[in-house]
Amino acid sequence: MSSTSSTPSSPMPKSSSPPAPLDNSIYNPVITKLPESKTDKFSRAQLLMELVTQLRSGKDAWKISLPCQLLAPASMLEYMSYFVTPNEYILGASKKMIPEQRFLDVVKWFLSNLTKAPAKGIYHSKPYNPALGEVFSCQYHHADGSKSFYLAEQTSHHPPVSAFYLTNRHANIVCKATFQPKTKFHGNSASNVMEGPLKCYILNHKEEYDVKFPNLCAYGLLLGSQRIEVNDSMTIECAANGYKCDISFKAKSGNKVKATIYSDDKKIYKLSGILDEKIHIKSLTNKKTSLFLDATELQQPDTVCRPLEKQATNESRLLWHNVTYNIRKLRDFNASNEFKKRIEQDQREERTNRKEKWDPRFFKDVSATDAKKDIQYDCVFENMEPYSEDEGNFIENTHQVFDVNANLSGGI
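Position numbers for residues start from 1 in each chain and track the written sequence from start to end. The model is predicted, so local features are restricted to residues of pLDDT at least 70 and side-chain atom pairs to those at 80 or more, both for listing and for counting; the totals for chains, interfaces and linings are taken over all residues. Calculated side-chain values reflect all of the structure's heavy atoms, with hydrogen atoms and water omitted.

## Observations regarding the overall build of the protein
Going along the chain from the N terminus, every DSSP run of H or I of four or more residues is numbered as a helix, and every run of E of two or more is numbered as a strand. In terms of helices and strands, the protein carries eight helices and 20 strands. Relative accessibility thresholds used throughout: buried, under 20% of the residue-type maximum; exposed, over 50%; partly exposed, between the two (1.4 Å probe, protein chains only). Residue burial in the protein is summarised as follows: out of 412 residues, 55% are buried. Contacts in the protein between residues at least 24 apart in sequence constitute 61% of all its contacts with a sequence separation of at least 6. Note on areas: these come from Shrake-Rupley sampling with a 1.4 Å probe, and a residue is covered only by the protein chains present in the view. Here the protein displays about 19000 Å² of accessible surface, and carbon together with sulfur accounts for 49% of that area. It only takes one pair of heavy atoms within 4.5 Å for two residues to be counted as in contact.

Now the structure itself:
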């Protein structure tokens, strides 16, 4: 996708609704779910008809086009960053010399980024399905003076595949994933399943953490109270140090979470609590219990993105800006649905007219030759070596892709 954007409004042809002004303020603060209002209501009968009509037509669940009242005002590429936001728990992990302490920091980091997922209601909860070639990038500026960088790209459409790469060179941290998001309907509920490898690395200790991500589930589609919960299980394991954590999120329990931490298959800790409140840890050695994570005290760094006027048209916030503006600022769901359908139609036309195989720009396919399920993409800027004070400026080395001040309207 190329870009020619230098106008004061978000580009979107063939629409009867006026294009939205390039208002950057609507993206601050970042929110995982927009608060509901009376004007948002979309009856359960309407929702049932939407689902039945589209499922009856033979569409895969991930292809279903949901009304904008149900959409979170962000692309899936940005939405994934909410669950790996680099906060204080992970930034200091590489400086700790005891493997157990590093492992506990990694567990705490992943749990802390799930604390904002539970919510009342199901409106404004599902992110946009990214367009092929869509890109999202941002920075995080930390109190210690370091910066973290996040880059995501929609690398495939059939099947839908999203890849991201997060790094903080000074903190010796890398996190990367290749996800195949899938939506599964279960009668009165729907779950968002993120299939694919998610890995975290502490580079200076040569540790690789393999993570199985839990499901996010929307309850009460047709009957009963409506809410979003983290569901199923999560596993965090590091073969290099012999630690493993099995986490269980109990459905319909008020966001209760339980976990067991092992060292070389021996149980050493138990975790228990409420995900969006407090979680405690109990040592199975000395039987002492202490506070492990307090969601009410969680401090997250700001997400720093290029202004809309400096973004290319395939960057998430500019691509979806007309939809986001009408959802978040105006609550005009007729207009947001119209803009959303226009993007989807443009994508269909591009796929029809494309004569060559699509190759992503910032990620390369490193899957096994015969891989159908275990698809994996690595970032072309990936650096898995421990940080060295002699290395050059990260932004310069990555051709300004991560530079929030760069004008990339010529296309990225």
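Still more to cover.
## Digging into the packing of aromatic side chains
Classification of ring pairs rests on two measures: the distance between centres of Phe, Tyr or Trp rings, Trp counted by its six-membered ring, which must be within 6.5 Å, and the angle between planes, read as stacked under 30 degrees, edge-to-face over 60 and tilted in between. Going through the model one piece at a time under the given rule, you end up with 16 aromatic pairs. Note on Trp-109 and Phe-110: the rings are 4.7 Å apart at their centroids and 50 degrees apart in plane angle, and the pair reads as tilted. Phe-110 shares its class with Trp-109; the two are buried. Ring geometry for Phe-381 and Phe-402: centres 6.2 Å apart, planes at 65 degrees, overall edge-to-face.

## A closer look at the environment of Ser-137
Summarising the element assignment, Ser-137 is placed in strand β4 (residues 135-141). For Ser-137, a relative accessible area of 7% puts it in the buried group. The spatial distance from the C-alpha of Ser-137 to the C-alpha of Phe-402 is 6.4 Å, given a sequence separation of 265 residues. Setting aside its immediate chain neighbours within four residues, Ser-137 contacts Tyr-150, Leu-151, Cys-305, Arg-306, Glu-315 and Val-401.

## Let's talk about the nonpolar core
Grouping buried Ala, Val, Leu, Ile, Met, Phe, Trp, Tyr and Cys residues that are joined through side-chain atoms within 4.5 Å yields what is termed a nonpolar core. With 62 residues, the main nonpolar core has Phe-110, Leu-111, Tyr-150, Phe-164 and Ile-236 as its most contacted residues. Broken down by element, the residue count for this core peaks at seven residues, all from helix α4 (residues 99-112). If we ignore the near neighbours within four places in the chain, the residues touching Phe-164 are Met-80, Val-84, Tyr-150, Leu-151, Ala-152, Cys-175, Lys-176, Ala-177, Phe-179, Leu-198 and Phe-363.

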